[in-house]
Amino acid sequence: MTASSSANKPISTESLENAAKNIDTALQSDRLYSELDALLRNARHAGGTLTGMTDGDYPSLSAQGLASVPLIGPVRHVPLPMELSEQFAHVQCNCFMGLLPTIQRGWVTIDTEIYFWNYETGGDLAYYEGLAEVVLSVGLVVPKPGVFQPHIKFLLVVCTASEVVVLGVTFESEGDDQYALMHLQPNPLFSLSSDGVNMVQVKGTPEGRIFLAGANGHLYELQYQSYLSWFGKRCKLVNQSSSYFSFLVPSALRFGENDPIVQIEYDTTRQLLYTRSDNGSIYVYDLAEDGQGIGSVCSISQDTILSEAIRAANNPHGLDSSNFKPLVSICPIKKSESASLALLGVTSSGVRLYFSINAASLGGRYSSLSLAHIRMPPGFAPNGPPQRPLNVHLANLARGNVQMCMSQNDSIDVVWSISPDTFGITTSLQETTITTAIEGRVWALEEAPEPCLFEAKVAGTRTLPPTIVCQHVKPVQRTILLTSQGTFILTSLRPVDQLLHLLESSNGMDTEAIANFYKLHSEKEGCATALILTCNPLGTDHLIASSAARSFFKFGGEPTLRSGTFSSTTVGHTSNYSLLGPNNNTMLNTSHNRDPTQSLGGAIMPNEVVYSGKHAGICLYFARLLAPLWDGKLVEENQSPDKLLVSRFTCDDLAWFTEQLSGLKTFLDEYAPLSLSELPTDSPHRAGPNGGRVQAEALERNSVLQLRLLVQYSVEALELWRELCEYQFHLVAERLPMNIKEDLCRTTFRDLVVSGKQITVALINALMERYFGDSNLTDALSARLREICPNLYGAADLKTTKANELLQSAKHQTNKTEQTTMLHKSLELFKQVTVNIDLGGICNQYASVGFYEGIVELCLATAAEQDNQNLAVHLTHTGEDAGEQLLVARRHCYTCITNTLNNLLAMSQGASGIHNNTGVKVSSAAEAEKQLTTMLDFCYRSNDEVFHVFLYEWLIGNGLVNRLLAIKSSYLEPYLRRAAKQPDNLQILDIMWKYYEKEKNYSAAARILAKLADRDRDTDNFTLWDRIDYISRAILCAKACSTSLNNEGEFLHELEDKMDVAQLQLNIYSSLEQMSSNPAAQAALSDLNRLIDISTLYSDYAEKFNLAECQLAIIHCAGHHDPLLVQKLWRELLALEITSSQHLPQVSVMSSLRNKILLLGNIYQAAEKFFPTQFIVQQLEVISCRGGWDQSWVIDTMLQIPTSHSHLYSTYTSLLQMKLPCWEQLGSPYHLHIVTSLLLTSYVAHLNNVPLLERKPLLCEIQDVIDAHVVDLQASVSAGSDVTSALSRFKALQASFNKY
């Protein structure tokens, strides 16, 4: 998937963000309204309260000079059809009237006949005469789904004195009117006996249930179904207030007609059914959450209501308790109007009783109904007008507006209209009142249903907001009153209707009434209301639109600069422009006072701008239009197993939002300035009375231009979203990368407009991708996108589309030459639009066709575009943090290359038949290895130094050092040098010496190796053996250098000395390892993994742990001459060797000791001062004599070193001359004589090795020695076998001398 961001002009995200913050503030201010219970000053779960007794509860507009502001529209009277009026003369028994507002019909019963007509037009008169008895009540019900044929739209329930008849209702449509012509089925669908109970009212639910009010005080339900029940009936009448099986009980055994039910009401939001009895008692039934159950919740009698009302009123004003009775009407309060108040009761005095429904603590949903608040009608305030409602007999509640019908006399009723709409967002309930005289007695009072998307367009709120917040979507509220003279239609005016009325009556003049309107609602609300008329896309009269725009500028106030601090939740986003009026003139100033808190520009800091009502009005209007979209999620998962992403808004929804917002865009395009030429650039706080105003206007001008930009982008985003929905959004979303899908699930409309470029790019790419292969369709779609969202899909995006189309075609091309050509063409196009492209998606697709050259080139081109001044190279060299974001941006591009390399590397190490998430496809590890090498070759050719650094790091991180060293690049050595300066650079140094060795720079390699050997490493993986290895390699490199360099020779000498000491250290380490029972020795091992100087080795290790052999090696290496110390060490090491092997057989002891002497002799024989032969021979002879070993063992051992016969001869001669007492102590005083006999025998046998000239003098000397030995042995007192054998050897030697 690919695309690029290509707005025609670079747009500052900061500008959009600033404008969006103003919208956030406006939206937040709209959502701070108080709910009904708070307005009534009612604390939940507390006792009732009383309002309506002060002037502030029913403010007088006349007293404020606002009498010209209308509250209701002209009353529309639609007379009864002439034919129907004539039928009244034929009434014999009873006549009833009522309204069916769902189908815009009124009905009249005249005895047994029923007449229907369209109360809006007075036409379509229909009647039904198939009944035998007088009709008592009529009701219209939506049928249960699946029970009747589809053409049966409604059920007409007709009750007579003895039966209940259900008729089918069908319609013929005309144009948009689906209920144009009404038809009643001639044959009843159901007809069943009422069992002698008069049913005085019918009430249906949206679920198709039918409830009947019995004159005997019981609530009945007509239950019906499409099949026969086990009783053999399709319908039955059930007494729901008595028992589910009450229809089986004869009427004589049931309750009498004590308190007839006269009213049934159903709350569709809570699924609660209310009944009111003739005596004023209220019963509550719970139909369960699905509307299919039923259970009694509670009842409250008229007396209980009266006592609670008296207690709540506390009668501080001397109120007559008769005001609180009788109860003449009840009206459910929807959840959308109040979360806690559920029911309104109206008394004959016009007192409104608000009831709350209390949640059940154990089982069930609700437990009780309690009086929460009393609202007295107009006329009770001390200084208010004395008129008050009396003899109220009907009441209706709709969206907070109350109408009450009062009987004036037999021929006239007066309707009291009470509404809070005029006062907008307030902290307490304030209402206007107006009375209207209606000809005749009002028999029915209903709200006219208006087809609209009202509640959907204000979604996301707690309860429905005040009218002034939602008047742009809230339909005009019409109330239908039915009398014997026809229908009277009352229209409650919204603020926008009030302004429209004032503008129409002003004849284009700026009247005082219009100024009063802005005073009444505040400048910002007045401006927001004016924009509804000015920006209405449905075509408000041009004169009215112009007048509304003029009032916007005339009465919208001016921006100001304020000093000090103002506590507010809003934040002023200072900008650089001001809203201009027509012809680019600054707005007119107004003389009336303006509430400074109306600014949506936020907390007033020192010299902060307080935006005008015009600016605030624009923000409010925009926020209210897009309230359901602005901070809500755009998509959701559907209920399918695949959990597809679907749009939360339909094409029709989006069309409505686009249409409304386009009107605001047109307004801003016309009136906002198009240049900054008038912007003051000097002295932002210019002295003089108008200096602050000039600065404030400049700041506001800039803010409005930012808002204009936000509106433009919002319109384009809406158009794009609608286009995506037209092409089945879920299919488009399926093509998005997973990370984009995750982001999209969290994205709000605000996010999409302000910072959602990546998401819009991905969505456009996915949309275009669906139709690749059909060039005509993609061209048409591209043109369409360029038309509706040029800032989201610009010229660069068009190139991206073409490039992506080429790429998709190449993926299916079997001709390799053609495929390569297409891939290169797509690459060239992608390289032209690298900003914000889906680089990862493109690389994945290139990888799927093996176009690794394209991956490398595109990533490098994108990285270069991120840093067109190539500053990252400087940052790479210096390591500065100032431009870290540039390096991050470039490295993000390089990651797409290494992602592909990672997968190729993994596959080369054993993958087979893998198709992974980067698109790479291979059939074997060998093929992956080949592709890896190919792609790396493309990488090596790059002249992007920053990328080379990134690539080197990747190679090192993946253990591909050999590949790294094979690179021929001028960037490698500088990289290694820089990296070597960083902490923890040992791996780099390891690579660096190999690099220098490969480049035959042996001197540099040797020095790095020496440095590595000396480095401290806190790791078990770096041992003394490793250091010795580094030193040995360093020595080899140093020897390979030119010998003519004196400094290299000195360096080599240093290395050799270091090697000698390291070898000594290694010997100590090995010795300590064998001392497993010595904790101190084991603890010292870790320290020996670092190189230690020779003095420390001797004192802290060799001497401390009595390592005689190691001590001897150290002093030998150091050239330290101390004969006594040497003898001590030899004595200790010989004793240690004997001790360590004493548990072995004698032969093994002798062999072990001989091996040790041979080993050390080979090392030290050349230096007599470290290998004192006489001392060593003496010690060995003592050991041999003590152990009774072979008398020739010492001689044989010394000769194997090898020691010459002459040197041994001299040594033994010296020992004999010393006449040491140890031999006597060992019990072998002639031990040396015996050993000497063996030595001289061997010596004489090897005289041929002595030069001839030296041989005769030597023989003479030996003969003299032999003679002396013979004399000593012959004088021996004890002649043992050893002595005898020695004497024989000496005599044999004497005899042999004759031949010489």
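Predicted model only: the values in this text are computed from it and were never measured.

(A) Up close: the overall build of the chain. Secondary structure assignment for the chain yields 45 helices and 34 strands. The 1300 residues of the chain split such that 53% are buried. Summarising the internal contacts of the chain: among those between residues at least 6 apart in sequence, 63% fall at separations of at least 24. A total accessible area of about 57,300 Å² is found for the chain, and carbon and sulfur atoms account for 50% of it.

(B) A look at the environment of Met1059. You can see Met1059 is positioned in helix α33 (residues 1046-1073). On the basis of relative accessibility, which here comes to 12%, the residue Met1059 falls in the buried class. Expressed as a C-alpha distance, the spacing of Met1059 and Arg1027, which sit 32 residues apart in the sequence, is 9.4 Å.

(C) How the structure looks around helix α4 (residues 302-313). For α4, which comprises twelve residues, the first-to-last C-alpha distance of 16 Å matches the rise-based estimate of 16 Å (1.5 Å per residue) to within 8%. If you check which residues of α4 are buried, you get Gln302, Ile305, Leu306, Glu308, Ala309, Ala312 and Ala313. Each buried residue of α4 lies within a common arc of 170° when the element is viewed along its axis, so the set occupies one face. Of the exposed residues in α4, those oriented more than 90 degrees away from the buried face are Asp303 and Arg311. Buried residues along α4 sit against β1 (49-51), β18 (282-286), β19 (295-300), β20 (327-332), β22 (352-359) and β23 (366-375). Backbone geometry just downstream of α4 places Asn314 in the positive-phi region, at approximately 55°.

(D) Structural view of the packing of aromatic side chains. As enumerated under the stated definition, the model contains 27 aromatic pairs in all. Both rings, one in Phe148 and one in Tyr224, keep their centres 5.8 Å apart while their planes meet at 25°; by these two values the pair is stacked. With Phe148 in the loop between β7 (135-141) and β8 (154-160) and Tyr224 in strand β14 (residues 219-224), the pair connects residues that are 76 residues apart, well separated along the chain. Three or more aromatic residues joined by ring pairs form one cluster here, namely Phe552, Phe553, Phe667 and Tyr671. Above the ring of Tyr224, the side-chain terminus of Lys144 is found at 4.8 Å from the ring centroid.

(E) Geometry of the sheet that holds strand β15 (residues 235-239). Read across the sheet, four strands follow the order β12-β13-β14-β15 without closing on themselves; strand pairing throughout is antiparallel. A single partner strand is all that each edge strand has here, and the edge strands are β12 (199-204) and β15. In this sheet, neighbouring strand axes are inclined to one another by 25° on average, regardless of whether the strands run parallel or antiparallel. As defined by bridge partners, strand β13 (residues 210-214) adjoins β14 across four bridges and the pair is classed as antiparallel. Its bridge partner lying in β14, Ile210 is registered against Leu222.

(F) Seen up close, empty space enclosed by the protein. Here the structure, examined in full by the defined rule, presents four cavities of 30 Å³ or more. For the largest cavity, the lining is made up of 28 residues, of which Leu39, Arg399, Gly400, Pro420 and Pro466 are closest to its centre. Among the secondary structure elements, those contributing two or more residues to the lining of the largest cavity are α2 (36-39) and β22. Looking at the lining of the largest cavity residue by residue, the classes come out as 14 nonpolar, seven polar and seven charged.

(G) Structural context of helix α29 (residues 972-980). Every buried residue of α29 is accounted for by Leu972, Tyr975, Leu976, Arg978, Ala979 and Ala980. Among the structural elements, α24 (871-878), α27 (945-957), α28 (961-965) and α30 (986-998) are those in contact with the buried residues of α29.

(H) Structural context of unusual backbone geometry. Along the chain, Lys325 connects to Pro326 via a cis peptide bond; the corresponding omega equals -10°. Assignment of secondary structure puts Pro326 in the loop between α4 and β20. In the segment running from Ile1201 into Pro1202, the intervening peptide bond is cis, with an omega of 10°. Along the chain, Pro1202 falls in the loop between α40 (1193-1200) and α41 (1205-1218). A positive phi angle is found at Asp124, which is not glycine, with a value near 55°. When you line up the elements, Asp124 lands in the loop between β5 (113-118) and β6 (126-128).

Conventions and cut-offs
- Residues numbered from 1 in each chain as written.
- Predicted model: local features only at pLDDT ≥ 70, side-chain atom pairs only at ≥ 80, totals over all residues.
- Heavy atoms only, no water.
- Helix = DSSP H or I, 4+ residues; strand = E, 2+ residues; numbered from the N terminus.
- Buried < 20%, exposed > 50% of the residue type's maximum accessible area, 1.4 Å probe, protein only.
- Contact = heavy atoms within 4.5 Å.
- Areas by Shrake-Rupley, 256 points an atom, 1.4 Å probe, with all protein chains shown as cover.
- Expected span 1.5 Å × (residues − 1).
- Arc of directions from axis to C-beta.
- Phe/Tyr/Trp six-rings, centres within 6.5 Å; stacked < 30°, edge-to-face > 60°.
- Lys NZ or Arg CZ within 6 Å of the ring centre and 35° of its normal.
- Pairing = 2+ DSSP bridges.
- Axes fitted to C-alpha atoms, helices over the stretch in contact; angles between N-to-C directions.
- 1 Å grid on protein atoms, 1.4 Å probe; cavity = no way out; pocket = protein on both sides within 12 Å on 5 of 7 lines; lining within 4 Å.
- Points joined across faces, edges and corners; volume = space filled by probe spheres on them.
- Nonpolar A, V, L, I, M, F, W, Y, C, P; charged D, E, K, R; others polar.

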